[in-house]
Structure formats: C-alpha cells, structure tokens
Amino acid sequence: MMLKNLFEQLPMVTGQESFDDLLAVPGLRIERIVSHGQGSPPGFWYEQDWDEWVMVLQGRAALQVEGKEDLVVLQKGDHCWLPAGCRHRVVFTAKDEATIWLAVHRG
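Below: a short report on this structure. (Residues numbered from 1 in each chain as written. Predicted model: local features only at pLDDT ≥ 70, side-chain atom pairs only at ≥ 80, totals over all residues. Heavy atoms only, no water.)

**Some remarks on the packing of aromatic side chains**
Scanning all chains against the criterion turns up one aromatic pair. Taking the centre distance of 5.0 Å and the plane angle of 85° together, the rings of Phe-44 and Tyr-46 count as edge-to-face. When its relative accessible area of 35% is taken as the criterion, Phe-44 is described as partly exposed. A residue is classified by how much of its surface remains accessible, and Tyr-46, at 27% relative accessible area, is partly exposed. For Arg-89, the ring lying beneath its charged end belongs to Trp-45, and the centroid distance is 5.9 Å. (Phe/Tyr/Trp six-rings, centres within 6.5 Å; stacked < 30°, edge-to-face > 60°. Buried < 20%, exposed > 50% of the residue type's maximum accessible area, 1.4 Å probe, protein only. Lys NZ or Arg CZ within 6 Å of the ring centre and 35° of its normal.)

**Quick notes on the pairing of strand S8 (residues 99-106)**
Residues in a regular strand point their side chains to alternate faces of the sheet. For S8, a buried count of six out of eight residues is recorded, marking the element as mostly surrounded by other parts of the structure. Two elements, strand S2 (residues 28-35) and S8, share eight bridges in a ladder whose sense is antiparallel. Looking at the pairing, Val-34 lines up with Ile-100 of S8. Bridge count for strand S3 (residues 51-58) against S8 is seven bridges, and the pairing is antiparallel. Within S8, the residue paired with Gln-58 across the bridge is Ile-100. (Helix = DSSP H or I, 4+ residues; strand = E, 2+ residues; numbered from the N terminus. Pairing = 2+ DSSP bridges.)

**A closer look at unusual backbone geometry**
Positive phi, normally seen in glycine, also occurs at Gln-9, with a value near 55°. With respect to the helices, strands and loops of the structure, Gln-9 is situated in the segment before strand S1 (18-25).

**A short note on the environment of Leu-28**
Note on placement: Leu-28 falls in strand S2. Sequence separation of Leu-28 and Asp-51 is 23 residues, and the distance between their C-alpha atoms is 9.8 Å. If we skip the residues at most four places from it in the chain, Leu-28 touches Leu-23, Val-104 and His-105. (Contact = heavy atoms within 4.5 Å.)

Structure (structure tokens):
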C-alpha cells in the first residue's frame, strides 16, 4: 500500500491535460485529471461504453450534454453522473488555476 495525495505532484506542463490512473481493477477505474484551460476540440463528443462519475476538486469547468439546453457548470465540490452512452463534451476549464477532477469509471 502506498500513500499518495491528489493535490501533490501536479503536472508541470500546462499546455495539455494530464490523466493519471489512481486505481484500476476489473470493472472500476479511478482517475485524476488535471486541466489548465482546456476544453474538447470543436465538434468532439465523448460517448463512452461505461458509466462515469466526475467531481471537480479544485477549479471550475463546464460540460455540455447532448440534448440538454443548459451547460453543467461544475465548481469546487460539484459532481455529476454520466451514464454509459451519454454524449458530452468539456466546454471549458479554468484558465487562472488548475482544475483537478476525480473521475470514477464503472463497467
């Protein structure tokens, strides 16, 4: 067993998002994502074959979910459930600070 901290060893490169698996076992993956103002490319949509629960631990972000008029704006502590097949995209993440996400993938 190794003790780690989600807020330590943040990536130094801010020109791209960072994806770090914290735990990966059959049927479950927990990931830390660090964003620095990134969003999904124009026209790109995530459409995953698995469920995903995301929480913003630091920073802020907005998701667009296909079929929903309003954006899902996430601030520190906010979380949402994205069931398998839910088409979504990241509209923006904070430019003035790192946005740290915790993502739990199931299935």
